[in-house]
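This is what each chain is made of:
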Amino acid sequence: MSAVARTTSSRAASTAPRARAIARSTRCVVARAATELCHVDARVIVFSCHSYEKTTLEAALPDSTFISARLQLDTVPLARDHDAVCVFVDDDVGTDVVDALADAGVKLILLRCAGFDNVDVDRANARGVTVCRVPAYDPLSIAEHAVGMMLSLNRRLGPSRDRLRVGNYTLDGLVGQSLKGKTIGIVGTGKIGRAVAKICKNGFQMEVLGYDLFDKEAFCGEFCSSIEDVLARSDFVSVHVPLTDGTRGMFNAESLAKMKTGAMLINTSRGALVDARACIDALYSGQLGALAMDVYEKEKELFFRDFSALDIRSRMLVWDENIAILSNLPQVLITPHSAFLTHEALAEIASTTAENLRAYCAAEPLANRVSSTPPRR
Ligand code: NAD
């Protein structure tokens, strides 16, 4: 891929003045990164591109093709005549798709996210396709969302809002608990887990417990040697491990039973870490007091789409019983994989993706290369 100069375009976006100001400043950063770094002649197709990110990505990856379609086997033909595909968390980059991309001449997969559980990296390596990711994008953004969900559920903000809308100004059933002195257990004390721990300790004076299979570095709370210890002692449990064969279903009927009765579970990591049906049973029995989830095990079929205008027959074809039950429980709060959704994180995603592309085209060492499919842990 030879080097050619590119210019960047910018567009007005966003609504509120503050949001417009932040968007302007982040776009400038990205635009600078793009003109300084992304002088490449790679043909990139960006899958699953949504309006919230389009302007930022257009500035970082000028002259790329942007489409809203998700990458899956039947959309691979759209990648023909491109050197690289740029994808997000719910794109399908499994074995068949990797093979089809390689057959179509794609050489590079640019993930716009940290997790790579949706990619068969070993197959990509075997087919000569390089995979790069964005290992971190403003971990505080995700941590703040996790804490926001915890606060909202604890103080019943959702039910309070619902009541006010219909003219009900009563307080019965809305009693929460003060967080000072309560215990939060952090499962996975990496970048995001540590950020949640600091907010809870320094902001709310909570007791903080941590569990991590690998990372044993200094932590602002008490490190526990077993996850059982964390589950048994925590009033709130926040999950921040990646999805691997070893973490899939980590929160199932058995582990939920080991939690303190009435504790709250917060999952902003990956949906398949938590067994949704087991959570419903535990919520019904009261073993689980509340559930916050930004991710869902079957989100691939649901999230980032709008089904509200479908006729009933079509709607029933995509109906998901577990999420329908969970969405209607007052002690559950669901957000549609939006924990990362800040201007700051979007800017970091775009600039790191542009840098990954530039480094690949310049045949430089790839700091953010993913070299193997996550091992069983
Ligand atoms: P990180 O790599 O910094 O931390 C993950 C931690 O989990 C590491 O310390 C690792 O040692 C630990 N771990 C791995 N396997 C474990 C196991 N079996 N038991 C206990 N600990 C284990 O990652 P991060 O930046 O903190 O991100 C965590 C996860 O958050 C990502 O993997 C991703 O799935 C998710 N994420 C979600 C969003 C969102 O918008 N909802 C955004 C970014 C990341």
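The structure under discussion appears in the preceding block.
In every chain, residue numbers begin from 1 and rise along the written sequence. Predicted model: local features are reported for residues with pLDDT of at least 70 only, side-chain atom pairs are reported and counted for 80 or more only, and whole-chain, interface and lining totals are derived from all residues.

(A) Region of interest: the nonpolar core. In terms of nonpolar packing, the biggest core is built from 103 residues, with V85, I109, L111, V131, V237, I266 and A292 touching the most fellow members. Secondary structure follows DSSP: runs of H or I at least 4 residues long count as helices, runs of E at least 2 residues long count as strands, and numbering of each begins at the N terminus. Top contributing element to this core by residue count: helix α13 (residues 343–361), with eight residues. Counting residues domain by domain, this core receives three or more from each of domain 1 (7–137 + 342–361) and domain 2 (139–334). For every residue pair, C-beta atoms are placed from the backbone, and the pair is scored as a contact if these atoms sit within 7 Å. Leave out the neighbours within four places in its chain, and V85 touches I45, F47, L71, A79, L101, V106 and I109. A set of buried residues drawn from Ala, Val, Leu, Ile, Met, Phe, Trp, Tyr and Cys, joined through C-beta atoms within 7 Å, is what defines a nonpolar core. Exposure criterion: with C-beta atoms placed from backbone coordinates, a residue whose C-beta has 20 or more other C-beta atoms within 10 Å is buried, one with 12 or fewer is exposed, and one in between is partly exposed. Each domain's limits were defined by an automated method or a database of domain assignments.

(B) Region of interest: the site of the ligand. Any residue whose backbone-placed C-beta atom lies within 6 Å of a molecule or strand is treated as near that molecule or strand. Of all residues adjacent to the ligand, which total 30 residues, the nearest are G188, G190, I192, P242 and F340. Taken together, the elements giving at least two residues each to the shell around the ligand come down to α5 (139–154) and α7 (191–204). Per-element accounting of the shell around the ligand gives the leading share, three residues, to α7. In terms of residue class, the shell around the ligand is built from 13 nonpolar, eleven polar and six charged. Domain assignment of the residues forming the shell around the ligand places at least three in each of domain 1 (7–137 + 342–361) and domain 2 (139–334). Here the term charged refers only to Asp, Glu, Lys and Arg, the term nonpolar to Ala, Val, Leu, Ile, Met, Phe, Trp, Tyr, Cys and Pro, and the term polar to all other amino acids, Gly among them.

(C) Molecular detail of the pairing of strand β3 (residues 84–87). Neither face of β3 is exposed, since A84 and C86 on one face and V85 and V87 on the opposite face are all buried. Here strand β1 (residues 44–46) pairs with β3 via three bridges, running parallel. Counted as the bridge partner of V46 is C86 from β3. The handedness of a crossover follows from its direction of travel: if, with the strands pointing away from the viewer, the path from the first strand over the helix to the second runs clockwise, the crossover is right-handed. For the crossover that starts at β3, traverses helix α3 (residues 95–103) and ends in the parallel strand β4 (residues 108–111), the hand is right-handed. Two strands form a pair only when DSSP identifies at least two bridges running between them.

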